[in-house]
Each structure stands twice: as C-alpha cells, then as structure tokens.
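Chain by chain, the residues run as shown.
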Amino acid sequence: MERESMEFDVLIVGGGPAGLSAACRVMQLAQEAGEELTVCVVEKGSEIGAHILAGTVFEPTALNELFPDWKEKGAPLNTPVTRDDIFLLKNQESATKIPNAFVPKNMHNHGNYIISLGNLCRWLAEQAEGLGVEVYPGFAAAETIVEDGQVKGIITGDMGVARDGSEKDGYMPGMELRAKYTMFTEGCRGHLGKRLVNDFKLDEGKDPQHYGIGIKELWDIDPAKHEPGLVVHTTGWPLKETGSTGGSFLYHLENGQVYVGLITDLSYSNPHLSPFDEFQRLKLHPEIKKHLEGGKRVSYGARAITKGGYNALPKMSFPGGLLLGCDAGTLNGSKIKGSHTAMKSGMLGAEAVFEALKDGKSGEEITSFQKKFEDSWLFKELYAERNFGPAMHKFGNVVGGAIAFFEQNILRGSLPITFHDTTPDYATLKPAAECKKVNYPKPDNSLTFDKLSSVFISNTNHEEDQPVHLKLTDPEIPIKENLPKYNEPAQRYCPPACTKWWKPTMAAASVSRSTPRTVFTARPATSRILPRTSPG
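Residues numbered from 1 in each chain as written. Predicted model: local features only at pLDDT ≥ 70, side-chain atom pairs only at ≥ 80, totals over all residues. Heavy atoms only, no water.

Participant: Any chance you could explain the sheet that holds strand β5 (residues 83–89) here in plain terms?
Facilitator: Strand pairs in the sheet, formed through backbone hydrogen bonds, run parallel or antiparallel to each other. Strand order in the open sheet formed by seven strands is β6-β5-β15-β16-β17-β14-β18, with mixed pairing between adjacent strands. Of all the strands in the sheet, the pair left with one neighbour each is β6 (95–97) and β18 (296–306). Each strand axis lies, on average, 20° off the axis of its neighbour in the sheet, ignoring direction. Note that β5 and β6 share three bridges and pair antiparallel. Across the sheet, F87 pairs through a bridge with K97, a residue of β6. This element, helix α5 (residues 275–282), spans β5, β14 (211–220), β15 (230–236), β16 (246–252), β17 (257–265) and β18 of the sheet and lies at about 135° to β17. (Pairing = 2+ DSSP bridges. Helix = DSSP H or I, 4+ residues; strand = E, 2+ residues; numbered from the N terminus. Axes fitted to C-alpha atoms, helices over the stretch in contact; angles between N-to-C directions. Contact = heavy atoms within 4.5 Å.)

Participant: I'm lost on the side chain of Q28 in this one. Help?
Facilitator: Following the sequence through the fold, Q28 ends up in helix α1 (residues 17–33). With a relative accessible area of 12%, Q28 lands in the buried category. Those residues within four positions of Q28 in sequence are excluded, and the remaining contacts are L66, F67 and L131. (Buried < 20%, exposed > 50% of the residue type's maximum accessible area, 1.4 Å probe, protein only.)

Participant: Looking at this structure, how should I read helix α9 (residues 377–384)?
Facilitator: Since one α-helical turn is 3.6 residues long, residues separated by three or four positions face the same way. Among all positions of α9, only L378, F379, E381 and L382 are buried. In an axial view of α9, the angular spread of the buried residues amounts to 165°, which keeps them on one side of the axis. The secondary structure elements touched by the buried residues of α9 are α7 (339–358) and α8 (368–374). (Arc of directions from axis to C-beta.)

Participant: I'm lost on the packing of α1 against helix α3 (residues 117–130) in this one. Help?
Facilitator: Interhelical geometry of α1 versus α3 gives an angle of 20° and a closest axis separation of 9 Å. In terms of orientation, α1 and α3 fall into the roughly parallel class. By crossing handedness, the relation of α1 to α3 is classed as left-handed. Seen from α1, the contacting residues are P17, L20, S21, A23 and C24; seen from α3, they are L117, C121, L124, A125, Q127 and A128. Each residue belonging to the contact of α1 with α3 can be placed in one class, and the counts come to nine nonpolar, two polar and no charged. (Parallel < 35°, antiparallel > 145°, perpendicular 65-115°, else oblique. Left-handed = near helix turned anticlockwise from the far one by under 90°. Nonpolar A, V, L, I, M, F, W, Y, C, P; charged D, E, K, R; others polar.)

The quantities given are spatial measurements derived from coordinates; they are silent on function.
Take a look at the structure:
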C-alpha cells in the first residue's frame, strides 16, 4: 500500500507551547502581509494537551507578545500567584522556611500564574485553528524525511501493526507530510530531535545536555486547606540523603486542586535511588503532608526535563528546519520554568521561517535565526542564568543557591566567568556495591502509592498487541552489564513501572519485551534510558 502524501509551506512537529506558538505566529505574520500559507501541526496525543499533565507556574511574557488581548480571548490563566514559600527540608520531620530576602529573585513569582499547561495548549490550538492552521492530533512523527542533505518533512507512524510487526486488519501506512520548512517542537528528548542533533552535529562544542525526571500528581484537597495562588518549593530532604540534587513543588490552583511533584536530577550517583519512591516519601514530610491529608489523588504523570541550559543549547538551525523549545533545551532552570521560553523560541522560529518563505527559500538553512535569537530577551535570559545548573551540580543546592543569590540579587547579573558541567549524567553513576541501599516505606494508599496503581490513573492508553516501543541498541547490556554492576537502575527510575516485568533470569535477547507504555532510547552501558511517559 502506497503512502499518501500531503504538502505544506510549514510543518510543525509537536502540539506543545513551542509548536502552537510557532503556528500562531507564522500565521499572524502571513495575514499581516496578505500572504497565503499552509501550516500544519501534528501531535502524537489523542488530542492537544493529552500528553501534558503539567501544573506549572507560568510567566506570561511570551503570551503577552503573542496575544496581547489574551484575557479578552479567554486564555485559561485564572489563578495569579499570591505567595511564595520556600523550605529547606532538613530531614523527614523538620524544615526551615527561607526568608524571601534570601531567595534568588528569579524564584519570586509575583505577576505569574498557576495554570494547567494542558488547558493553555488547548486554548492555543483553538487560536491556531482560528487563524487557519491545520491541527492533526493522534499522529506520531515516526521518521524524518531527509533528501539531498535537507529535511523535507516527516513520515507518521504506521497504524494497525501487531506486536510481531505483521499488518492487522485496517492497516494503514504512515503518511508523508512534506513542507518547505519543518519546525521540531517535540519536547524533552524528542526522538526525531535527537537524530537531528546527531545527524547535523548540532551539539558540537557544547556542554553535554543534562536532564531531570519529574514525578507529579494532581490532588483534590480539603477545601479548608486550599489557598489559590500559593506556591511552595522545597530543597534538601529526601534527595540529600543519597547525595542527589533536585527539589519539589506544590502549587494551589483553582477548583480546590493542588499539583505536587519532585524533580530528581539524573546526575545522581546511587543506583539504588528510585525517583518515584523519593517522591512518595516526600509527601510524608509535615510541610507537604499538611496540604494533602484528607484529600484525594486524581491523576499521576511523569516527564523528562531538559536542564542543561545555555551551555548545552545546541545549534537550532539546519537545512530545512529548526529545533525549538524543550527539543533544543530552552528551559530556564533558575526560574524552574520552560513554557514561556519554549513559546518565545517558537515565535522566533516562526518569524525566521516566514522571512525565508517570503524571500522564496525552501529547504535552505535559515542562518538568520541565530542572530534573531541572540537579539531576543530569550537569549539574554538564558545567558544570564548559564551558571545556575553547573553550580547546583558542582556544589549542591545550598552552595549553588547561594551563588545564584549572589548573581541575581547582589550583582543583578551574571559572574564574568562561566561554570561548565562537562560530565554526562550517566557517568556519575557508581557501582551498586559502593553505595548504600535505600529502604523505602511501603505505600499506605492514602498519601503514598505504588507505581502500578499510579499508572492506572495516568490516562495512558495503548493497544495490548501494539509493537513494543522499548528498543535497546544492545539487548545484552541490561543483564550482562547493568544488573551485576549497577543492580539495573532501570527497574527503579522508570516512572510507569514497565520494568516490573523484567526478570534477571530472562534471556538477554528478550529484555526488550516490556510494556509499551514508555518510549526509551538506549544509550551506552551505565547510561540511564530516559523515558517519555504519557502524560508528561
């Protein structure tokens, strides 16, 4: 069966903040110039926002530029931040509140909003469609079309394929979606984005990218405890017990709901650590427990987070397209925010692509994008915070936080030197025999839960006989290398518990027979396979 093919002026892969902002902006420019453009957004989720369980503190800077009248248009920014509380958790019982005067200014959230990012993306999709953008949810981009050294579009995944690769009734081959320019906005570790970085050597001369994994839940809480607009961040326990870095968040949004979660940097050294279980025991701390006790958990999710910042930012242009948003790594770690930066990168990409199309170009590299980026507030913001991530990794959260305070509050700028973190995350892992085992409490099914019951409420759906998504470059590594040396950390860091079905006695060749709830990318021995879990 031949593939169908469709052609567009602009193709955008990924219906998140970056992709939808790019779609809206390029169509705005076309309408202002009286030009007719065909613009398409493809999104792997069943609907826009389906893969986004993100309660986030949102800075409206980019939204103010994209839609100055967003309030009149009904953008779902309903809960302004009213208070910031930051705690240093000393141990499982005690905590010290950090006075606002000693908090780096980027962590103050006056003027920001607590939102559902999924709802904002749905609203952005409505605006995009109103401008004439074609939005196609339910289509996963499987391959990149590269011809004569230029990206020409993507091929969507085949439908109706059985676990063994055979064609089922109703089989449909993926479609070719071709475009003059393609913008990739898949989010953190997008599988096509990774290939583009490798194929076009976009990360040459850059620090290695760094990652975190965020485990989070949405709760309905006791109305008497609800304080819309309250933002709580913590650092210290429980991660400091294993020498790990990261921190937690708890946000009171509207409708009596709270988002709570823990971000664990994947540069940890103890292979016995379980990010999921670290999060579960975090909820037992009095400063977190007091918000959740008496409430009900309604949803669970996890996502990988790109944390390398400016120093790890790859070149974002290549022949035929651009790499934008978290696909490139535009998150501002010191603000713990990436939505406004992703949106701005998408808008800059849209402006560069529109100018190229207006000049009659198709498939040529948009070299002007770099200058457009460097002239923007996005570049200035990321460059000013270039030391934050490396300082946290090198010196820990307390000393790293002090350096951030000195830069932001005292210098009101960055140090004249640049810290670098050139050790890849996976290289920090120590052999299991050298590390202390971590004993996690059993779930009480009131505040704490196991992985499988969590996945049950994650809105993750798949065909039982669909092809397995877990593919390892070398299927012998988990059993022959990672298990004896590192006690196979995949069985702990995997947020949807897919490795629950792994058994050390399995033949190495059958290791890839895991539930297809998670997409993995294999890396060398001792590396962590970073998951993309739905919703993310």
